[in-house]
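Overview (structure and organization)
So you can see what is in the structure, the chains are spelled out below.
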Amino acid sequence: MNRWVFVILSALLIALVGIAAIRDSQDRDYLAIQQRYQSDHNDTGFNIQVQQIFPAFADAKRGDTFRVERCISCHVPDIGTIGPELAAQRLAQDFMKYQPNAQAVAAQNHYTLVHPAYIANGISVPSATKGFAPAMDYTQYGITGTGFAPYSVTGATTNAKQGYAVTPTTVLPGPLPAAVDPKALNPTQTNPSLQKVGIDQVGCIVCHNGSRLSLNQTDAHQNLIANPEYDFTSGAQLYYKYCVTCHGVQGEGGKGPPLSNQDRLGYFNEDYYYRCIEYGFTDFEHIGSIMPNWGSTATDFTYDPTRDKQRPGSRILSENQIQILIQFIRHWENYNTLP
Ligand code: HEC
Ligand code: HEC
Ligand code: HEC
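Not measured: the values here are computed from a predicted model. Note that residues are indexed from 1 along each chain, following the sequence as it is written. Working convention: letters from A go to chains and numbers from 1 go to ligands, in the order in which they are written. Given that this is a predicted model, residues contribute local features only at a pLDDT of at least 70 and side-chain atom pairs are listed and counted only at 80 or more, while totals for whole chains, interfaces and linings are drawn from all residues.

1. Here's the deal with the overall build of the protein
Within the protein, the secondary structure is distributed over 14 helices and six strands. Buried means a residue has 20 or more other C-beta atoms within 10 Å of its own C-beta, exposed means 12 or fewer, and partly exposed covers the counts in between; C-beta atoms are placed from the backbone. Relative to its 339 residues, the protein shows a buried fraction of 33%. Our contact criterion uses C-beta atoms placed from the backbone: two residues qualify when those atoms are within 7 Å. Within the protein, residue pairs in contact and separated by at least 24 positions form 57% of the contacts whose partners lie at least 6 positions apart. Per the convention used, a helix needs a DSSP run of H or I reaching at least four residues, while a strand needs a run of E reaching at least two, with both numbered from the N terminus.

Now the structure itself:
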């Protein structure tokens, strides 16, 4: 009897090890991507393995432990040796080469295909080695910078969908956290054009979000902000035109719930946010609420005057505009709240 228990337990163990091995090798799409990168850029050597970024700012640590990100397992895995400028150029080139739908994705996300190499205090940073090394401007996009100038709507606001006027002087902070302020990170540097931090020092998720530990593309790209610069500016315009009335100037909520709630941002995925905005109160998740439907009407919706506070309207925002708004809302997801 005991022998059979032993045999069954051993078989189970072997099966579990097998399943683990299969899963492990399935999660290694980064290997193929690294091999392609290595043959395309054979000027620098690096090990084919999980590559990690150790950001240079204090918030990137918990105690002595780095909260690493593994984006560079697939993207510019030799960023540590080639530096931020070359890495930025390769990101754009490789994207066009490796992304099967590059043209469509680039158009949808308004890519200029010039990747910022730095965060800096000042719009552009002259490069010592290359013709250019554009930077994302901390004085605009930083939490302590001039931030967004909210969109101002003139005219009567007869219903929620027509938006409302925010005083044009209101200035909102940008998405880049204080932790990556180049001034604070380079306190001894007085020349503003040299106050800069490379993407190799700040990592990827400060600007792009995503999952810092995953090694397959879908999981790593969870909640990705594809084009931070475009989404923050265009997303802000849409947000301050249509959503600010109910969700607050900084996503803090009001008539509607807060959108900056870290637990909800971390928990809900793109699909959920898409449904909320597209269908609003016509979908089961928000039925009977005052959240307008900005796109279509949910297919199973029937108007019920005892329950519904409004009739469904026709589409105001395109699918693409809703995507941009989702990414704009995503910028309230705090670096500190990720695993
Ligand atoms: C398993 C491999 C893998 C990992 C890990 C990975 N990516 Fe990607 N990513 C790709 C591939 C492949 C593409 C398409 C081709 C390219 O851009 O090189 C891509 C494209 C992108 C794009 C362009 C938009 C798009 O949808 O094509 C961005 C932005 C991006 N990745 C950011 C990140 C960030 C940030 C991380 C880390 C949180 C990350 N990636 C982790 C493989 C990966
Ligand atoms: C300072 C903010 C910032 C950081 C840090 C950053 N990116 Fe980007 N990324 C951007 C912006 C802005 C764009 C859009 C560029 C454009 O207009 O084409 C972009 C675009 C991309 C693209 C699409 C191709 C392209 O160049 O347009 C990929 C892929 C990408 N980033 C990956 C990464 C990876 C991987 C890292 C980390 C090594 C990273 N990014 C770090 C801001 C950043
Ligand atoms: C008339 C007020 C109003 C306006 C304008 C409005 N919302 Fe809402 N929104 C709400 C209410 C109320 C809810 C909560 C619905 C419920 O109770 O289920 C909500 C819920 C949401 C949610 C789900 C939040 C969560 O954590 O579950 C999202 C996302 C959202 N709104 C985004 C937007 C966006 C984007 C816009 C602008 C295009 C917008 N809302 C405009 C009132 C509004």
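There's more to say after this.
2. Brief notes about the confidence of the model for the protein
Predictor confidence is given residue by residue as pLDDT, running from a minimum of 0 to a maximum of 100. Taken as a whole, the protein shows an average pLDDT of 86; of its residues, 88% reach a score of 70 or greater. Here strand β4 (residues 124-125) is the element of the protein with the lowest mean pLDDT, 70, and helix α13 (residues 270-279) is the one with the highest, 95.

3. Focus on the nonpolar core
Counting residues in each nonpolar core, the largest one holds 52 residues, and the members touching the most others are Tyr118, Ile119, Tyr239 and Leu325. It is helix α14 (residues 319-330) that contributes the most residues to this core, six residues altogether. Those domain boundaries reflect an automatic or database domain assignment. Summarising the domain contributions, this core has at least three residues from each of domain 1 (9-224) and domain 2 (236-331). For the purposes of this analysis, a nonpolar core is taken to be any set of buried Ala, Val, Leu, Ile, Met, Phe, Trp, Tyr and Cys residues that are connected through C-beta atoms within 7 Å.

4. Let's talk about the pairing of strand β5 (residues 133-137)
The buried fraction of β5 is high, at four of five residues. The pairing of strand β3 (residues 118-120) with β5 spans three bridges and is parallel. Counted as the bridge partner of isoleucine 119 is methionine 136 from β5. Pairing between strands requires that DSSP locate at least two bridges from one strand to the other.

5. Focus: the packing of α13 against α14
Angles run from 0 to 180 degrees between N-to-C directions of axes, and those axes are lines fitted to C-alpha atoms, restricted for helices to the stretch in contact. Following both chains from N to C, one finds α13 and α14 inclined at 120°, their axes separated by 10 Å at the closest point. On the basis of their axis angle, the class for α13 and α14 is oblique. Relative to α14, the crossing made by α13 is right-handed. Contact residues: α13 offers Glu270, Tyr273, Tyr274, Ile277 and Glu278, while α14 offers Ile322, Leu325, Ile326 and Ile329. Polar here means any residue outside two lists: the nonpolar Ala, Val, Leu, Ile, Met, Phe, Trp, Tyr, Cys and Pro, and the charged Asp, Glu, Lys and Arg; Gly therefore counts as polar. A class-by-class count of the residues in the contact of α13 with α14 yields seven nonpolar, no polar and two charged. When describing relative orientation, an angle under 35 degrees is termed roughly parallel and one over 145 degrees roughly antiparallel, while 65 to 115 degrees is termed roughly perpendicular and anything else oblique. The crossing is said to be left-handed when, going from far helix to near helix, the turn is anticlockwise and less than a right angle, and right-handed when the turn is clockwise.

6. Things to note about the packing of helix α10 (residues 228-242) against α14
Packing of α10 against α14 brings their axes to within 8 Å, and their N-to-C directions diverge by 105°. Taken as axis vectors, α10 and α14 run roughly perpendicular relative to one another. Within the contact between the two elements, α10 uses Asp231, Phe232, Ser234, Gly235, Ala236, Leu238 and Tyr239 and α14 uses Gln321, Ile324, Leu325, Gln327 and Phe328. The class makeup of the residues in the contact of α10 with α14 is seven nonpolar, four polar and one charged.

7. Notes on the site of ligand 1
Near ligand 1, the surroundings consist of 27 residues, among which Cys71, Cys74, Phe95, Gly210 and Ala220 are the closest. Looking at the shell around ligand 1, the elements with two or more residues in it are α2 (29-40), α3 (79-98), α8 (205-208) and α9 (217-220). Looking at side-chain class alone, the shell around ligand 1 contains 13 nonpolar, nine polar and five charged residues. Nearness between a residue and a molecule or strand is assessed with a C-beta atom placed from the backbone; a distance within 6 Å qualifies.

8. Some details on the site of ligand 2
Surrounding ligand 2, one finds 25 residues, the nearest of these being His75, Ala92, Tyr111, Cys204 and Cys207. Contributing elements (two or more residues each) for the shell around ligand 2: α3, α7 (199-202), α8 and α10. Of the residues assigned to the shell around ligand 2, the class counts are 19 nonpolar, five polar and one charged.

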